[in-house]
Amino acid sequence: MSWAALASAQDYPSRPITIVVPWAAGGPTDVVTRILGQAMSTDLKQPVVVENLGGASGTVGAARAARATPDGYTLFLHNISHATAPSLYKSLPYDPVEDFEPIGLILDVPQAVVSKNALPAKTLPELVAYLKANRDKVNLAQAGRGSGSHLCALLFMSAIDTKLTEVAYKGTGPAITDLMGGQVDVMCDQVSNTGNQIKAGTIRGYCTTIKSQVASLPDVRPCTEAGLPGFDASVWHGLYAPKGTPKPVLDRVNVALRAALRDGTVKARLAELGAVPVAETDVTPSALRSHLKAQVEKWATVIRAAKLQPE
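Keep in mind the model is a prediction, meaning the values are calculated, not measured. (Residues numbered from 1 in each chain as written. Predicted model: local features only at pLDDT ≥ 70, side-chain atom pairs only at ≥ 80, totals over all residues. Heavy atoms only, no water.)

Trainee: Before we move on, could you go through the pattern of salt bridges and cite the residues and values that matter?
Mentor: Enumeration according to the criterion identifies nine salt bridges in this entry. In this structure, aspartate 71 engages arginine 15 in a salt bridge whose closest nitrogen and oxygen atoms are separated by 3.2 Å. Of the two residues, aspartate 71 sits in the loop between helix 3 (59–67) and strand 3 (74–78) while arginine 15 sits in the loop between helix 1 (3–10) and strand 1 (17–21), which places them 56 residues apart along the sequence. Overall, the relative accessible area of 40% leaves arginine 15 in the partly exposed class. Two residues, arginine 262 and glutamate 280, come together in a salt bridge whose shortest N-O distance is 2.6 Å. Of the two residues, arginine 262 sits in helix 10 (residues 247–262) while glutamate 280 sits in the loop between strand 11 (276–277) and helix 12 (285–305), which places them 18 residues apart along the sequence. (Salt bridge = Lys/Arg side-chain N within 4 Å of Asp/Glu carboxyl O. Helix = DSSP H or I, 4+ residues; strand = E, 2+ residues; numbered from the N terminus. Buried < 20%, exposed > 50% of the residue type's maximum accessible area, 1.4 Å probe, protein only.)

Okay, here's the thing in structure tokens:
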């Protein structure tokens, strides 16, 4: 590191920080980022601004963040789709692993396997049996190529060894609206989107996609306990900086991230979303890098098995 870069790192931060979110405003990842950004700004003593740059399953925003000046004033918060992009797109303008400096894992947002209320299946085993027997009649909604909903759907169909007709939507909102209206049959999506509908009884929840019980859905068991051992499709999130960002800057941001995740108000707001913060020992660059690499390999296998051709 040059003396100039070192001096700049020691003064960091001296102006507002931008976190690029590669999804539209109002979505789950955007909401999580705004909650964390507000708390981090208190620790960093500078405003933390969210820049929404959606498109192409998060790859537009990722490309923008990868090209940003590596000085710590542009950060990047992304979810599971950061790991699946290499398998979904033939030629990315960036490398998800090599073109970013990991700062830390943040949290998991469980997903839930859900259906319209008119479906006769009341439990997960009953649902699986029904889907196998009616595979040509059932349709499965998903929120667009590469979305958490889409990835969960692929893993679910693989786990039950049953191919269903997929109906792709441009986002979660219209998909859930049609599920509640009975126009589509089953779906898999984040509990931040499905939890209130499950509790209100407008859709039926069968299981959640993390190993522990989701506190906000006490009546919906984890899939691993309900009949699908090893089924894990949480929408995990990580914080990154562009490649070459000085280590002292990365360390300072990591301190602010840890402080935000310990904040009582942040914990309460994340719990309302059904989000589960990772253990503090995983809020590290090494944990995020290892997790990202493992997830790239995992989802490459799932996507290949689904014979989903890269665009």
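Trainee: I'd like a description of the packing of helix 7 (residues 172–181) against helix 8 (residues 191–200), backed by residues and values.
Mentor: Where helix 7 contacts helix 8, the two axes come as close as 11 Å, and the packing angle between them is 25 degrees. In terms of their interaxial angle, helix 7 and helix 8 are classed as roughly parallel. Here helix 7 and helix 8 pass one another in a crossing that is right-handed. Residue-level inspection shows Thr172, Ile176 and Met180 of helix 7 in contact with helix 8, the latter providing Asn193, Thr194 and Gln197. Within the contact of helix 7 with helix 8, the residues separate by chemical class into two nonpolar, four polar and no charged. (Axes fitted to C-alpha atoms, helices over the stretch in contact; angles between N-to-C directions. Parallel < 35°, antiparallel > 145°, perpendicular 65-115°, else oblique. Left-handed = near helix turned anticlockwise from the far one by under 90°. Contact = heavy atoms within 4.5 Å. Nonpolar A, V, L, I, M, F, W, Y, C, P; charged D, E, K, R; others polar.)

Trainee: Outline the packing of helix 2 (residues 28–44) against helix 10, supporting the account with residue identities and numerical values.
Mentor: In contact at an axis separation of 8 Å, helix 2 and helix 10 are set at 120 degrees when each is read in the N-to-C sense. Considered as vectors, helix 2 and helix 10 are oriented oblique to each other. Here helix 2 and helix 10 pass one another in a crossing that is right-handed. Residues Leu36, Ala39, Met40, Asp43 and Leu44 of helix 2 lie in contact with helix 10, whose contacting residues are Arg252, Val253, Val255, Ala256, Leu257, Ala259, Ala260 and Leu261. For the contact of helix 2 with helix 10, the class distribution of residues is 11 nonpolar, no polar and two charged.

Trainee: Account for the sheet that holds strand 4 (residues 100–109), with residues named and values stated.
Mentor: Through backbone hydrogen bonds, the strands of a sheet pair up, either in parallel or in antiparallel fashion. In space, the six strands of this open sheet follow the order 2-1-3-10-4-11, with mixed pairing throughout. The sheet is open, and its two borders are formed by strand 2 (48–52) and strand 11, each paired with just one other strand. Two elements, strand 4 and strand 10 (residues 235–242), share eight bridges in a ladder whose sense is antiparallel. Bridged to proline 102 within strand 10 is tyrosine 240. Set on the sheet, helix 4 (residues 81–88) makes contact with strand 3, strand 4 and strand 10; between it and strand 3 the angle comes to about 80 degrees. (Pairing = 2+ DSSP bridges.)

Trainee: Quick rundown of the nonpolar core? Include the residues and the values.
Mentor: Within the largest apolar cluster, 82 residues are counted, with the highest numbers of intra-cluster contacts made by Leu36, Met40, Leu124, Leu127, Phe156, Leu239 and Leu257. Excluding residues that lie within four positions of it along the chain, leucine 127 makes contacts with Val113, Leu119, Ala121, Phe156, Val186 and Tyr206. Ranked by size, the runner-up nonpolar core spans 16 residues in total, among them Ala141, Ile176, Leu217 and Val220. (Core = buried A, V, L, I, M, F, W, Y, C linked by side-chain atoms within 4.5 Å.)

Trainee: Describe the state of the cysteines, naming the residues involved and giving the relevant values.
Mentor: Enumeration according to the criterion identifies two disulfides in this entry. The disulfide partner of cysteine 152 is cysteine 188, and the S-S distance across this bridge is 1.8 Å. Since a negative S-S torsion denotes a left-handed disulfide, the cysteine 152-cysteine 188 link at about 55 degrees is right-handed. On the criterion of sequence distance, the pair formed by cysteine 152 in helix 6 (residues 148–159) and cysteine 188 in strand 8 (residues 186–190) is long-range, its members being 36 residues apart. (Disulfide = S-S within 2.5 Å.)

Trainee: Tell me about the pairing of strand 10, and please be specific about residues and values.
Mentor: Counting buried positions along strand 10 gives eight out of eight residues, so the element sits mostly inside the fold. As paired strands, strand 3 and strand 10 are joined by three bridges and run antiparallel to one another. When the bridges of strand 10 are listed, leucine 77 appears paired with leucine 239.

Trainee: Quick rundown of the environment of glutamine 10? Include the residues and the values.
Mentor: Examined against the element boundaries, glutamine 10 turns out to sit in helix 1. Residue glutamine 10 is classed as exposed on the basis of its relative accessible area, which comes to 61%. Distance from glutamine 10 to leucine 119, taken between C-alpha atoms, is 60 Å for residues 109 residues apart in sequence.

Trainee: Can you tell me about helix 8, naming the residues and giving the values?
Mentor: Residues spaced three or four apart along an α-helix point in a common direction, a consequence of the helix completing one turn every 3.6 residues. By the burial criterion, the buried members of helix 8 are Val191, Thr194, Gly195 and Ile198. Within helix 8, the buried residues cover an arc of 115 degrees as seen down the axis, which keeps them to one side. Opposite the buried face of helix 8, at more than 90 degrees from it, the exposed residues are Asn196 and Ala200. Residues of helix 8 that are buried in the fold lie against strand 5 (111–115), helix 7, strand 8 and strand 9 (204–208). Taken from the residues just after helix 8, glycine 201 is the one with a positive phi, measuring 80 degrees. (Arc of directions from axis to C-beta.)

Trainee: Please set out empty space enclosed by the protein residue by residue, giving values where relevant.
Mentor: Summed over all chains, the structure comprises one cavity of 30 Å³ or more. In this structure, the largest cavity encloses a volume near 40 Å³. Around the largest cavity, the lining residues are Pro96, Val97, Phe100, Pro102, Tyr240, Arg289 and Leu292. If you list the elements that add at least two residues to the lining of the largest cavity, you get strand 4 and helix 12. By residue class, the composition of the lining of the largest cavity is six nonpolar, no polar and one charged. (1 Å grid on protein atoms, 1.4 Å probe; cavity = no way out; pocket = protein on both sides within 12 Å on 5 of 7 lines; lining within 4 Å. Points joined across faces, edges and corners; volume = space filled by probe spheres on them.)

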